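# Structural overview
Here is what each chain is made of, one letter per residue.
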Amino acid sequence: MLLRNDYWSLLCRGRKKKIVALIVILIFLLNGLFYVSLELYNTVKRKEKEPWYSSLHFDKNSYVDETGMRVIVGHYVGGTNGGNLSEDIINSNNYAPVAGAGEFGRPVQLSQRELITARELYSLHSYNIFVSDKIAINRSLPDMRSDRCKEVVFDIDNLPTATVIIVFHNEAWSTLMRTVMSVLMRSPPKLLQQIILVDDASERRYLHAELDEAVAKLDKVQVLRNPVRTGLVGARLMGARKATGDVLVFLDAHCEVTKGWLEPLLDRAGNDDVFICPHIDLLSADTLAYTKSIDAHWGAFSWRLHFRWLIPSTEVLKKKSENPSKPYPTPAMAGGLFAVRKSLFWRLGGYDEGMTIWGAENLELSWRAWQCGARVEITSCSRVGHIFRSHSPYKYPGGVTKVLHANLARAATVWMDEWADFFFKFNPDIALIRDQQSVGDRVELRRNLKCKSFGWYLSTVWPQHFFPTDQRWFGRIKNDKGGCIGLMPGAVGMGTPASAVDCGGTLTLESLVVFTPEGKVMADEGLCLQQGNGRALWKSCSDSSKQIWVQKGPRLKTQSGLCLTLVVTKDSRGVGDPLTAKRCVTDNKQIWHFNRVPWR
Ligand code: UDP
Ligand code: MN
């Protein structure tokens, strides 16, 4: 019997043996190198092709953070609009319901194989169209109302009628039709006057004859076509002009309404000068699962006028818990879903038609409503699901920034008074286009309607706001060692540990804070500096005494007498170093310089 070694030595001896060994090692190494580069190539390729699909989990930034709030609805990134997909795929309707899929609002899970296709199609709509096409357009949903809401009895015979207006641009067929079907299935026929679909110059083939055919089979539904794309404002106005119902109910084209959704909206809209919004639940952009969104939320906006969901004032929360079925006020609405009496809508000037495509119209409308004698409210008894997405799938002519900035400039110029100066001062890019906006007719409207000031709005409708005022100190609080109190760029979430930031130039909002007479240090996004267990944190502004800082000379003290301290860990100017409250000592890390900055 030959031993292994003997066999080897028989094959090659001496130098030959070494050469063969070398060749084997070389082959081994080359093989390894090949696999590594293949993996690398695949990763890069995957990265290029996948805007979202590194994970199929719920994108928490798109709606709720760890503590359940801070919702980012605004998506200021124009989409890829289908990317490299073929014309045929982009223009075809692949609705093919699978029995049971998504019923009762359950998530649809895909196989690994299906995921590949789903991922490729995702950029078309910035939601999972592959999943949507599997779910019946008349799927069932749970009754989302609370028991208290179910108890409310409406006098159907005496409620006003509704015209539901749904505008769309290049929406998916199944999602759009599911919106329509949900309204038809879950609205008392007596109350539903009509559904008007307004096509904002969609290019997708399946939204033309194929949609007309589908709609022709449905009672009360009609399609209007906008010959040129105006954006959602122009399209909604087109629908509103044709409305024959008493109340206009606006919905986005990717919603699903649930049982009892319409009655509370009509009841409130019919009785008062109010823009009444449903409670917006979540339709997952990945699985289309219907999930409840946090109970206590209201709408507001950041220093940069980005729409935000925030926790309502304690007073509103208290009233809400005493009477959960009663509508409650909100400083601003998200914009996509609301009801209003047709006569009130027109009396208050409809929409600002100078606003194109998307954005800022919700703030403009909210400010106009409040300042001109109406209200904006949310009713938790009307539950409507909406697909929140983190990117816009469609094109913005001229670019998303240009479109959005122009709309924001219009809204700020007409309604914000001194706070418009604040907005433009710290957003110089937008200030540049301020004068290009002709808003004469809107200013005149404001005058004719004898609307109140923005100062009135802030102090009455949203007294908890975090904007600077003449009574609030505004500026930069700089540590003697360097570094300023401020938000780390990108750290939007609540409960973020506080660090000193680069004091930056004069216009850097991240290093500017409001210091209120009551002792709150407020940053943008409604965050207040709060002493935590150890590290100081940026937390949602509240009534907590841990958010009160007393200025004693150059020191900032907590109510228990500790001093705000920069914990220097690096030799640099303190940037990135933690902030905390410590026993007061003679130490320049506890010395703060207050540099006031004029806010307007
Ligand atoms: N929309 C439109 N024309 C446009 C842009 C948007 O008709 O140029 C429609 C869109 O199809 C949707 C509604 O306006 O039904 C709101 O837009 P979107 O859902 O993108 O806004 P979001 O809800 O994400 O803020
Ligand atoms: Mn939407």
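Residues numbered from 1 in each chain as written. Chains lettered and ligands numbered in written order. Predicted model: local features only at pLDDT ≥ 70, side-chain atom pairs only at ≥ 80, totals over all residues. Heavy atoms only, no water.

The name an unreviewed UniProt entry assigns to the protein is Polypeptide N-acetylgalactosaminyltransferase, from the organism Mythimna separata. Listed in UniProt under the heading Cofactor (unreviewed entry), the comment for the protein reads: "Mn(2+)". Looking at the protein in UniProt, the text filed under Sequence similarities (unreviewed entry) is "Belongs to the glycosyltransferase 2 family. GalNAc-T subfamily." (UniProt positions renumbered as here; feature names shortened; annotations may be inferred.)

### Considerations on the coordination of the manganese ion (ligand 2)
At the metal site, the manganese ion (ligand 2) is ligated by Asp252 (OD), His254 (NE2) and His386 (NE2), and these contacts range over 2.1 to 2.3 Å. Here the donor residues for the manganese ion (ligand 2) map to a single chain with the spacing D-x1-H-x131-H. Remark: His386 occurs in strand E13 (residues 375-387) and Asp252 occurs in the loop between strand E5 (247-251) and strand E6 (255-257); sequence separation between them is 134 residues. Accessibility assignment for this pair places Asp252 and His386 in one class, buried. (Donors = N, O, S within 2.8 Å, 3.2 Å for Na, K, Ca; no water. Helix = DSSP H or I, 4+ residues; strand = E, 2+ residues; numbered from the N terminus. Buried < 20%, exposed > 50% of the residue type's maximum accessible area, 1.4 Å probe, protein only.)

### Some remarks on the packing of helix H14 (residues 400-415) against helix H15 (residues 418-426)
Interhelical geometry of H14 versus H15 gives an angle of 145° and a closest axis separation of 7 Å. Between H14 and H15, the contacting residues are Leu408, Ala409, Ala412 and Thr413 on the first element and Ala420, Phe423 and Phe424 on the second. In the contact of H14 with H15, the residues fall into 6 nonpolar, 1 polar and no charged. (Axes fitted to C-alpha atoms, helices over the stretch in contact; angles between N-to-C directions. Contact = heavy atoms within 4.5 Å. Nonpolar A, V, L, I, M, F, W, Y, C, P; charged D, E, K, R; others polar.)

### So, the packing of aromatic side chains
Applying the stated rule across the entire model yields 29 aromatic pairs. Measuring from centroid to centroid gives 5.4 Å for Phe301 and Trp367, while their planes differ by 75°, and the two rings are edge-to-face. Of this pair, Phe301 sits in strand E9 (residues 298-301) while Trp367 is found in helix H13 (residues 361-371), placing the two residues 66 residues apart along the sequence. The same class applies to Phe301 and to Trp367, which are both buried. Ring centres of Trp419 and Trp599 lie 5.2 Å apart, and the angle between their planes is 35°; on these two criteria the pair is classed as tilted. On the criterion of sequence distance, the pair formed by Trp419 in helix H15 and Trp599 in the segment after strand E26 (592-596) is long-range, its members being 180 residues apart. A single burial state applies to Trp419 and to Trp599, both of which are buried. The residue whose ring lies beneath Lys452 is Trp456, and the NZ or CZ to ring-centre distance is 4.4 Å. (Phe/Tyr/Trp six-rings, centres within 6.5 Å; stacked < 30°, edge-to-face > 60°. Lys NZ or Arg CZ within 6 Å of the ring centre and 35° of its normal.)

### Some details on the state of the cysteines
Scanning the entire structure with this criterion turns up 5 disulfides. The disulfide partner of Cys563 is Cys584, and the S-S distance across this bridge is 2.0 Å. Handedness here is read from the sign of the S-S torsion; for Cys563 and Cys584, about 100°, the answer is right-handed. One end of the pair, Cys563, is in strand E24 (residues 563-566); the other, Cys584, is in the loop between strand E25 (579-582) and E26, and 21 residues separate them in sequence. A residue is classified by how much of its surface remains accessible, and Cys563, at 0% relative accessible area, is buried. With a relative accessible area of 26%, Cys584 lands in the partly exposed category. With cysteine numbering restricted to those in disulfides and following the sequence, the protein has the pairing 1-3, 2-4, 5-6, 7-8, 9-10. (Disulfide = S-S within 2.5 Å.)

### Here we look at the pattern of salt bridges
For the structure shown, the criterion picks out 27 salt bridges. Its salt-bridge partner being Glu510, residue Arg304 comes within 3.4 Å of it at the nearest N-O pair. Of this pair, Arg304 sits in the loop between E9 and strand E10 (307-310) while Glu510 is found in the loop between strand E17 (500-501) and strand E18 (513-515), placing the two residues 206 residues apart along the sequence. For Glu510, a relative accessible area of 25% gives the class partly exposed. Glu322 is paired through a salt bridge with Lys318; the nearest N and O atoms lie 3.5 Å apart. Of this pair, Glu322 and Lys318 both sit in helix H11 (residues 314-322), separated by 4 residues, roughly a single helical turn. Here the two residues Glu322 and Lys318 agree in accessibility, since each one is exposed. Bridged by salt links that share partners, the residues Arg268, Asp272, Arg375 and Glu377 form one connected network. (Salt bridge = Lys/Arg side-chain N within 4 Å of Asp/Glu carboxyl O.)

### Concerning the side chain of Glu263
Position of Glu263 among the secondary structure elements: in helix H10 (residues 262-271). Lacking a salt bridge, the buried Glu263 has Arg145 as its closest oppositely charged neighbour, with an N-O distance of 6.2 Å. Leave out the neighbours within four places in its chain, and Glu263 touches Phe154, Ile156, Leu159, Pro188 and Leu191. (Lys, Arg positive; Asp, Glu negative; His and termini not counted.)

### Brief notes about a nonpolar patch on the surface
Where nonpolar side chains cluster on the molecular surface, the patch consists of Ile19, Ile23 and Ile27 and spans about 290 Å² of accessible area. If you trace the backbone, Ile27 turns up in helix H2 (residues 14-49). The exposure class of Ile27 is exposed, given its relative accessible area of 55%. (Patch = residues over 30% accessible without salt bridge, like charges linked within 9 Å, V, L, I, M, F, W, Y side chains within 5 Å. Areas by Shrake-Rupley, 256 points an atom, 1.4 Å probe, with all protein chains shown as cover.)

### Some details on the pairing of E10
Of the two faces of E10, the one holding Phe307 and Trp309 and the one holding Arg308 and Leu310 are both buried throughout. One ladder, built from 4 bridges, connects E9 with E10; its direction is antiparallel. What sits directly across from Trp298, in E10, is Leu310. Here E9 hands over to E10 after 5 residues, with Leu305 in that stretch at a positive phi of 65°. (Pairing = 2+ DSSP bridges.)

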